[in-house]
Amino acid sequence: MPANMNMLTLSPKAHEATIVQGDHYRFTVLTEKLIRIEYAEHGNFEDRATQAIINRNFPIPKFEVVKKAESLEIITKHFHLYYTYGPFSKSSLRIDVKNNYSLYSNRWYYGDSFETLKGTVRTLDHQDGPVELEEGIQSHNGFSVIDDSKSNVLVDEETIEPRAKEQIDLYFFAYGREYKEALRDFYKLTGVTPLLPRYTLGNWWSRYWKYTETEYKELFQRFQQEDVPFSLSVIDMDWHLVDIPAKYGSGWTGYTWNKELFPDPTRFLKWLQDQELRVTLNVHPADGVKAHEEMYVPMAKELGIDYTAEHPISFDITDRKFRDAYFKYLHRPEEERGVSFWWLDWQQGTTTKVAGLDPLWLLNHYHALDQVKQDKRPLILSRYAGIGSHRYPVGFSGDTIITWESLRFQPYFTSTATNVGYTWWSHDIGGHYKGYKDDELSLRWIQFGVFSPIMRLHSTNSPFNGKEPWRFQESIGTIMKQYLRLRHELIPYLYTMNWRTHQNNHPLVMPMYYEYPFENHAYDAPHQYFFGSELIVIPVTEKLDSDLQKAPVDVWLPEGRWIDFFSGRVYRGGKKLRIFRGLDTIPVFAKEGAIVPMAKHVPHSNSVDNPTALSVLVFPGKSNTFELYEDDGESFAYQTGKYAITKMQLDWENKQFVILPVEGDKSIIPENRELNISFKGFTNMNKIKVYINGQEVDFIDNYHSETNTCTVKVMNYDTQSSLVVKLPDEPLIQAFNKHEEATFDLLNKAQISFELKDELYQLMKQDKNKFDLLLELRSMEIDENLYDALLENLID
């Protein structure tokens, strides 16, 4: 395996100059804001990597040590540690964090419990609404602790063993509210997030259902006819034999294809590949391999098990010999004929024969490692197994119940997981089981899924529970299909954010307080999050107001101007407001100057390749640069420079938008592209000029007044050329001046009396001061949501 293809870069020994040590204690100053704290009565300390921590070789930071007969102090610019020797206790060890966030909450005593901004949790299985989350590394008070005392040791990538002796092993984070810096150093300490294959960012189809090969093909042919793209086929457990003789026990674990359903698995997998679909299979490994399996005899022979007596092969992922046979006989053959990766549906506890070693963590680690051995990017679908699990994406959040309460929790759950670096959650979009049929709920869940890390539709084996758009009311099914297409259009943007996450620069999903750590409102908006560097998303998690036919959404918009991704309406931030959205849209806001590169929709295609036609959304207000990242989508070739960067710039001061010649490996992307550059939230620009390499060229343009969008189309753009769209000098930001039109649309759809509609419309048409108008509306004692909806239409 080439050195640069290793899954983990292990550099666990800290520089000697960072260590302050006594007979029973050791402190390692990793940064001016991060210190390792150890205590061991036996005097032996662990310098090897652990399950969570793989790198302690940080640059030597500035710090001061004050050593006295009765005490020890370690001082950096950001914390002051006091230790009076002896076993750690509240009285012997404390740290003062140098911030002024509060009068009394900047001191940590050893053993203290304290609140952080939370992290994540192993699973949402069987949950209906909020669950208690584990602690994370980010804290409103500016400090947190990772306890690594129970973590097992990584001798190397392949060998894991318990610590020889017990010790206290903590990592104290004192990053204040520099959340992004804390996350960067957390990744340096615990390992990078792998670069996901490109196909993972499209739509996934998953259903717990006993499909036949014919039914499955008909399903995807229907998807193609309906112009609904998918990139990944997730085949649940019924691909393998389930109804087995009672003497072998449960059929929950299995590895032999059910030939009654799939007579020729190779043919079936080849057909899926021909549809440009990748495949993952569901496995529950806990019961090992029984004698009915096709691969039982050769595997039993290799492991020295009496196959003539049909003795079962027990599952033991801690055993190297079993593990090698597990991959050789159960997984590699399927991968060779078309399975891309595995869904490790582990629900069988936390115990192995090695004390404290979680089989889920081992499965995640060894499956990811096995893929790297095949020169594949590490990829699984599995549950979270503690700190460091971000090295093994993608996360499967479990079997949630189909209710509004479940949906309502997931935006917060997804963004908060960033506080432990776990940024690639995959939910059962639409919910797994139980609950109730609610077409509106299903639509809102899909809309959230499109703007979440992984978009995987899923449902259980009820004949009434499926996520095919044609199962729903026609009007809702039509919107679902539009959003599923949008997900594939967003892949260029998503893949760039995937790269930024891998480079430890900017996770796809972040809580609002990462960018606004000193804004109290940022902590009071748990339901909204950043979606990449350019967008804020606030999923709709409440039902429509039956009178308004719109759903209420509480939003906090930071200072500045924010442009609605769909409507092009410009909002002034610095306020909390309640906004309303019909079924066909959700609140997605672009920052001033945002640039969002997308793929132009290709009808009836599942392709996620680097597109031949780009649709670039550009939003007004500020200068900005976006670097579109593209590579081959799957291999490690990017590590040797085989990737392309296309830099796009909005130069607001000089009124121009620029696409620079591609940098890097030019063979990665099409030589020529169709460009569709949509300036959204702009006034009607009728004096645009376009230049390629300094020469003015012809182009096609149109203006869509409903969305304030001017689109410039350039055919056959040479990607090695520079393109400049020169904008007119006149004011470019479209002020919202459609108050009367928006009010009419709101009232026209509202399910209220005609008399009230007339009264409100006449009032809103009057040329009154807005303050007086609001007072008059309030005096009418109309429904609160109706009042707030009218108020939104008055906001500039």
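Let me begin by describing the structure that accompanies this report. (Residues numbered from 1 in each chain as written. Predicted model: local features only at pLDDT ≥ 70, side-chain atom pairs only at ≥ 80, totals over all residues. Heavy atoms only, no water.)

**Examining the pairing of strand β5 (residues 64–67)**
Next up, step 1: Bridge count for β5 against strand β6 (residues 72–75) is four bridges, and the pairing is antiparallel. Note that in β6 the partner of Val 66 across the bridge is Glu 73.
Next up, step 2: Once β5 ends, the chain turns through four residues before running back antiparallel as β6. (Pairing = 2+ DSSP bridges. Helix = DSSP H or I, 4+ residues; strand = E, 2+ residues; numbered from the N terminus.)

**A closer look at the sheet that holds strand β29 (residues 588–591)**
Next up, step 1: Spatially, the six strands line up as an open sheet ordered β22-β23-β24-β29-β26-β27, and their pairing is antiparallel. This sheet does not close on itself; its edge strands, each paired only once, are β22 (509–511) and β27 (570–572). This sheet shows a mean twist of 35° between the axes of neighbouring strands, independent of strand direction.
Next up, step 2: Bridge count between β22 and strand β23 (residues 529–531): three bridges; the pairing is antiparallel. Directly across from Val 509, in β23, lies its bridge partner Phe 531. (Axes fitted to C-alpha atoms, helices over the stretch in contact; angles between N-to-C directions.)

**Things to note about the pattern of salt bridges**
Next up, step 1: All told, the structure shown has 59 salt bridges when counted by the stated rule.
Next up, step 2: Among the ionic pairs, Glu 302 bridges to Lys 328, the shortest N-O distance being 3.1 Å. Here Glu 302 is found in helix α4 (residues 296–303), whereas its partner Lys 328 is found in helix α5 (residues 320–336), with 26 residues between them in sequence.
Next up, step 3: Accessibility expressed as a relative area gives 32% for Glu 302, which makes it partly exposed.
Next up, step 4: A salt bridge links Asp 632 to Arg 377, with the nearest nitrogen and oxygen atoms 3.8 Å apart. Pair noted here: Asp 632 is in the loop between β32 (624–630) and β33 (644–651) and Arg 377 is in the loop between α6 (359–373) and β18 (381–382), with a separation of 255 residues, a long-range link.
Next up, step 5: Using a relative accessible area of 42% as the deciding quantity, one classes Asp 632 as partly exposed.
Next up, step 6: Shared partners join several salt bridges into a network, and the residues in it are Lys 13, Glu 16, Arg 26, Arg 36, Glu 38, Asp 47, Asp 148, Arg 163 and Asp 169. (Salt bridge = Lys/Arg side-chain N within 4 Å of Asp/Glu carboxyl O. Buried < 20%, exposed > 50% of the residue type's maximum accessible area, 1.4 Å probe, protein only.)

**What to know about the pairing of strand β25 (residues 551–557)**
Next up, step 1: Most of β25 sits inside the fold, with six of its seven residues counted as buried.
Next up, step 2: Two strands pair when backbone bridges link them, and β25 and strand β28 (residues 575–581) are joined in this way by seven bridges, in the antiparallel orientation. Each bridged residue has a counterpart across the sheet, and for Trp 556 the counterpart in β28 is Lys 576.

**A look at α6**
Next up, step 1: With 15 residues, α6 should reach 21 Å at 1.5 Å per residue; the first-to-last C-alpha distance of 21 Å fits that figure.
Next up, step 2: Of all the 15 residues making up α6, 14 are buried; the element is thus mostly covered by neighbouring parts of the structure.
Next up, step 3: For α6, the N-terminal capping position is held by Asp 358, with its side-chain oxygen 2.9 Å away from the main-chain nitrogen of Leu 360.
Next up, step 4: Asp 375, located one to two residues past α6, shows a positive phi value of around 60°. (Expected span 1.5 Å × (residues − 1). Polar contact = N/O pair within 3.5 Å; in protein donor to acceptor, adjacent residues only side chain to side chain.)

**A look at the environment of Val 540**
Next up, step 1: Within the fold, Val 540 resides in the loop between β24 (535–537) and β25.
Next up, step 2: Overall, the relative accessible area of 1% leaves Val 540 in the buried class.
Next up, step 3: Along the primary structure Val 540 and Ala 551 are separated by 11 residues, whereas in three dimensions their C-alpha atoms are 7.2 Å apart.
Next up, step 4: Discounting residues that sit within four places of it in the chain, Val 540 has contacts with Trp 404, Leu 407, Arg 444, Ala 551, Val 553, Thr 585, Ile 586 and Pro 587. (Contact = heavy atoms within 4.5 Å.)

**A short note on helix α2 (residues 213–225)**
Next up, step 1: Under the 1.5 Å per step criterion, the end-to-end length of α2 is 18 Å for 13 residues, consistent within 8% with the ideal 18 Å.
Next up, step 2: Among the residues making up α2, those that are buried are Glu 213, Tyr 216, Lys 217, Leu 219, Phe 220 and Phe 223. Burial along α2 is one-sided: seen end-on, the buried residues are contained in an arc of 155°.
Next up, step 3: Immediately downstream of α2, the backbone of Asp 227 shows phi near 60°, a positive value. (Arc of directions from axis to C-beta.)

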